[in-house]
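This is what each chain is made of:
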Amino acid sequence: MVEIEIDGKKVEVQEGSMVMDAANKLGTYIPHFCYHKKLSIAANCRMCLVEVEKAPKPLPACATPVTAGMIVRSNSDKAVKAQKGVMEFLLINHPLDCPICDQGGECQLQDLAVGYGASSSRYEEEKRVVFHKDVGPLVSMEEMSRCIHCTRCVRFGQEVAGVMELGMLGRGEHSEITSFVGQTVDSELSGNMIDVCPVGALTSKPFRYSARTWELSRRKSVSAHDGLGANLIVQVKNNKVMRVVPLENEAVNECWISDKDRFAYEGVNSEERLTKPMIKQGGQWQEADWQTALEYIAHGLKNIKHEHGAESIAAVATPSSTLEELTLLQRVVRGLGSDNVDFRLRQSDFSLGGKIKPWLGMSITEFSQLKNVFVIGSFLRKDHPLLAARLRQSVKMGAKLSALHATDDDLLIKLANKAVLAPSAWLGFLAEVAVAVAAKKEIAKPAGFDSVQASASAEAIAASLLAGTSGVFLGNTAAQHPDAAKIHALAQWIAQNAGAGFGYLTEAANTVGGYLANALPASAAAAEQMFAQPKKAYVLLHAEPEFDYANPQQAKAALDKAEMVVVMSAFKHGMDYADVLLPVSPFTETSGTFVNCEGRAQSFHGVVRPLGDARPAWKVLRVLGNLLGLANFEFDTAESVRDEVLGLDKTDLAKRLNNIADVAPVLAASAANGLERVSDVPIYHTDAIVRRAESLQKTADAKAPKVWLSAAQFAKLGINDGDQIKLTQSNGSISIAAALDKSLPENVVRVAAGHAATKALGAMFGSITVERA
């Protein structure tokens, strides 16, 4: 530690720290533009010039290392004169368009110009003009004349997002920030560039010119779109969500959010919003009041139970439903005498049943401190953008990342080891890693593994896991795999015997909460039969099974046969198979709790009033429970439901979660013959709200899906990139454009799930047929 003095106050900081770090520790503000605590030091704006005793001229606080006994003055005449001089230079070419600038009212340059700018400019020559750029539907670069060349956006792309999408051209007055020629900004974290820009050069294109910052109310919330549970500030005007920005929480999302979290609010304001209860009568939809609709449902469910038995009733919910909603949904179903309730919609292997309550297995902070990480079955960058960003930083600091997957997507992270294999070959490869771990630790191999020989890549992964501070993680694709339980058993054995952490990169905002709410059947058979054996009545909570279910073809067939389908949704959806539509609130209009991947319960309140006659789903389910005459439905608030499920002490939910199952690893049968499908769920098609976010649907990641084939399949079919081909799976077929992926295993066909263009196909995995159209 080194002691220095700033403006007469002494402070101790770590050797190697900068003067800016010492000032931040003291709470002393030094004006700056290019400095950002999460980015590297550029020292190119010079606004943070301070006087350092015995130094001949002012020095930049962000780039001046501390030395023992250093005396710094941040507001002396010399320092202030230097800062004012810098400000005059920054304002020379800056346009005087504060009245129309979207950054007005929250602009760093505006704030500092008040304190350090002159009342008039001495510069009378022509100001420079920078031509605007179109870099996509999310980030606006329409007013690049405002740019002060702090390079925060460039550094963010390189260092946090992992891809250099913006850079600087030219020198001096002619320098400008631009994208590569003809390229758009497509990173899943690109919106953070808007936040780090200290002026109005980069602004939000969807928000542009829609409100002034001082007109907005700011309310805290939690993201409903992935397992991290990023903390948000939702900005509201006239009971409408206008903008979403990050709420800093170092333990969860630091100061970043993904574009999905930032721009999905457009879906909440969609024209497809359902605002009144509706009942189908004689094939025609009619609006109804709440009492009529709920009594109609209660009467229908009682009749079906009486005529066909309670087991003919089922309910499914998305894992982005709140803890309170899932709790009351399963109570309604179980109160009727059925066990058919589930939220694991994209899962296909349920043999682990209730043996585990999967979670990350550690805190997010501990996850980011691992030195060796092995990720199995994850489209990491798109499924978990902010966890991927943390891993990217870890790898830069020397950590090693290994991956097993069916595709070789660019994670924008340097991989130490990777195995790109067809899904049916994953078990065989994990067996090799297990054998390599056993050999290196000189312990017994798992029973029946004597014939397994470890490949070089399996040996390398085993060696990295044994190097200490390591973790093994199962991604969404591993959890959705038809052999998920066997993959779990092998991964668990590897982790336990390598002394590594073991966990799941959970899929959605409340996947962990779904297990705590017990919103799943007691038996694996019941889960598998939810749609495979059609029921007479279905209740769908926020779910759109043709997009959210592992086998959309099977789900649609079951819903078409049902006598009663109740859709509880914020959107007009399922009108071809539903009998009742109930308008329930999205997460922005209800109180609730999400339990994120690390087992952190985060409660939130609605930020706007429900639209039209929409009501929070937990209230609707509570009233339905009362109408059905069920016990334990006397709740006045969402908090009372939460407290009954989690108890009053919510700080250590990890003790109630469990990744370890009492299952022995087994050898896989030989890998499948023929073509195998592997499915990703595109980042902007994961849930009902995101699918309706207009700007996100214009991005490169939301383009119509293609079928990705290996070079061998292209040669075999005699096709070219972009040709239409026919895919057939489980009695369903589609015509789709082909695309070449040279890194795909020869027998793998990659086609997206969760999309209207592919919903006619069957399960997310399994045999698939490809032929020329």
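Keep in mind the model is a prediction, meaning the values are calculated, not measured.

Before going further, it helps to spend a moment on the overall build of the protein. The secondary structure content of the protein amounts to 24 helices and 34 strands. Here the protein has a C-alpha radius of gyration of 28 Å; the compact-globule value for 773 residues is 28 Å, and the two agree. For the protein, the spread of C-alpha atoms along the principal axes amounts to about 90 × 70 × 60 Å. The proportion of buried residues among the 773 residues of the protein is 59%. Long-range pairs, those at least 24 residues apart, make up 71% of the contacts in the protein with a sequence separation of at least 6. For the protein, the accessible surface area stands at approximately 30,600 Å², while carbon and sulfur atoms represent 50% of it. Placing the 81 positive and 87 negative side-chain charges of the protein at their respective mean positions leaves the two points 2 Å apart.

So, on to the pattern of salt bridges. Summed over the entire model, instances satisfying the criterion amount to 37 salt bridges. Here Arg750 ties to Asp409 by a salt bridge, and the two come within 2.7 Å at their closest N and O atoms. Here Arg750 is found in strand 32 (residues 748–750), whereas its partner Asp409 is found in the loop between strand 19 (400–405) and strand 20 (417–420), with 341 residues between them in sequence.

It is worth spelling out the UniProt feature "domain: 4Fe-4S His(Cys)3-ligated-type" (unreviewed entry) in the protein at this point. The UniProt record marks residues 78–117 with the feature "domain: 4Fe-4S His(Cys)3-ligated-type" (unreviewed entry), using the residue numbering of this structure. Along residues 78–117 one finds 60% helix and 0% strand; the C-alpha atoms at either end are 16 Å apart.

Let us look at the sheet that holds strand 19. Reading across the sheet, the five strands line up as 20-19-18-21-22 and stay open at both edges, with parallel pairing between neighbours. The sheet is open, and its two edges are formed by strand 20 and strand 22 (501–504), each paired on a single side. The sheet shows a mean angle of 15 degrees between the axes of neighbouring strands, taken without regard to direction. Pairing of strand 18 (residues 372–376) with strand 19 involves five bridges; the strand directions are parallel. Looking at strand 19, one finds that Phe374 is bridged to Ser402. The sheet contacts of helix 13 (residues 426–441) involve strand 18, strand 19 and strand 20, and relative to strand 19 the element is tilted by about 145 degrees. Lying on the sheet, helix 14 (residues 456–465) is in contact with strand 18, strand 19, strand 20 and strand 21 (470–474); it crosses strand 20 at an angle near 135 degrees.

Let us now look at the packing of helix 4 (residues 152–161) against helix 12 (residues 385–396). Describing two packed helices takes the angle between their axes plus the distance from one axis to the other. One way to put it is that helix 4 packs onto helix 12 with a least axis distance of 9 Å and a crossing angle of 85 degrees. Of the possible angle classes, the one that applies to helix 4 and helix 12 is roughly perpendicular. Residues Gln158, Glu159, Val160 and Ala161 of helix 4 touch helix 12, and the partners they reach there are Ala389, Arg392, Gln393 and Lys396. Class assignment for the residues of the contact of helix 4 with helix 12 results in three nonpolar, two polar and three charged.

Turning our eyes to something else, we now look at the environment of Asn596. By the element assignment, Asn596 lies in the loop between strand 26 (592–595) and strand 27 (601–604). Remark: the alpha-carbon pair of Asn596 and Leu352, spanning 244 residues in sequence, is separated by 21 Å. Not counting residues within four places of it along the chain, the set of residues in contact with Asn596 comprises Gly227, Leu228, Gly229, Val252, Ile364, Ala509, Val512 and Gln602. Of the polar contacts made by the side chain of Asn596, one reaches the backbone nitrogen of Arg600; its length is 2.9 Å.

When the UniProt feature table is mapped onto this chain numbering, "domain: 4Fe-4S Mo/W bis-MGD-type" (unreviewed entry) sits at residues 216–272. Across residues 216–272 one finds 16% helix and 35% strand; the C-alpha atoms that close the span lie 25 Å apart.

Our next topic: the pairing of strand 12 (residues 231–237). Of all seven residues that make up strand 12, five are buried, and the element is covered over most of its length. By the bridge criterion, six bridges tie strand 12 to strand 13 (residues 240–246) in an arrangement that is antiparallel. Paired with Gln235 across the two strands is Arg243, which belongs to strand 13.

Turning next to the sheet that holds strand 25 (residues 580–583). Spatially, 15-14-25-24-23-16-17 is the arrangement adopted by the seven strands of the open sheet, whose pairing is mixed. The open sheet has two free edges, formed respectively by strand 15 (284–287) and strand 17 (341–342), since each of these has just one partner strand.

Below, the discussion takes up helix 9 (residues 323–335). Over its 13 residues, helix 9 runs 18 Å from end to end, which matches the ideal 18 Å to within 8%, given 1.5 Å per residue. Taken residue by residue, helix 9 has Leu323, Glu324, Glu325, Leu326, Thr327, Leu328, Leu329, Gln330, Arg331, Val332 and Val333 as its buried positions. Once helix 9 ends, the next one or two residues include Gly337, with phi positive near 100 degrees.

Judged by nonpolar contacts, the single largest core of 96 residues is most densely connected at Phe33, Leu166, Leu202 and Phe367. The contact partners of Leu166, leaving out residues within four places of it in the chain, are Met141, Cys153, Val154, Ile177, Thr178, Ser179, Val185, Met193 and Leu202. Within the second largest apolar cluster, 53 residues are counted, among which are Leu301, Ala315, Leu520 and Leu624.

Now for the environment of Ala201. Position of Ala201 among the secondary structure elements: in the loop between helix 5 (192–196) and strand 10 (203–204). Each C-alpha atom of the pair Ala201 and Tyr504 lies 40 Å from the other, and the pair is 303 residues apart in sequence.

In this section: the environment of Lys10. With respect to the helices and strands, Lys10 occurs in strand 2 (residues 9–13). As for Lys10 and Leu26, which are separated by 16 residues in sequence, their C-alpha atoms are 8.4 Å apart. Residues contacting Lys10, with those up to four places away along its chain left out, are Glu3, Ile4, Glu5 and Leu26.

This part is about unusual backbone geometry. A positive phi angle is found at Asn518, which is not glycine, with a value near 60 degrees. Relative to the helices and strands, Asn518 resides in the loop between helix 17 (511–516) and helix 18 (524–532). On the accessibility criterion, Asn518 (38% relative accessible area) is partly exposed. With a phi close to 50 degrees, Ser730 is a non-glycine residue in the positive phi region. Along the polypeptide, Ser730 turns up in the loop between strand 30 (724–729) and strand 31 (732–740).

The rules we used
- Residues numbered from 1 in each chain as written.
- Predicted model: local features only at pLDDT ≥ 70, side-chain atom pairs only at ≥ 80, totals over all residues.
- Heavy atoms only, no water.
- Helix = DSSP H or I, 4+ residues; strand = E, 2+ residues; numbered from the N terminus.
- Rg over C-alpha atoms; globule rule 2.2 N^0.38 Å.
- Buried < 20%, exposed > 50% of the residue type's maximum accessible area, 1.4 Å probe, protein only.
- Contact = heavy atoms within 4.5 Å.
- Areas by Shrake-Rupley, 256 points an atom, 1.4 Å probe, with all protein chains shown as cover.
- Lys, Arg positive; Asp, Glu negative; His and termini not counted.
- Charge placed at Lys NZ, Arg CZ, Asp CG, Glu CD.
- Salt bridge = Lys/Arg side-chain N within 4 Å of Asp/Glu carboxyl O.
- UniProt positions renumbered as here; feature names shortened; annotations may be inferred.
- Pairing = 2+ DSSP bridges.
- Axes fitted to C-alpha atoms, helices over the stretch in contact; angles between N-to-C directions.
- Parallel < 35°, antiparallel > 145°, perpendicular 65-115°, else oblique.
- Nonpolar A, V, L, I, M, F, W, Y, C, P; charged D, E, K, R; others polar.
- Polar contact = N/O pair within 3.5 Å; in protein donor to acceptor, adjacent residues only side chain to side chain.
- Expected span 1.5 Å × (residues − 1).
- Core = buried A, V, L, I, M, F, W, Y, C linked by side-chain atoms within 4.5 Å.

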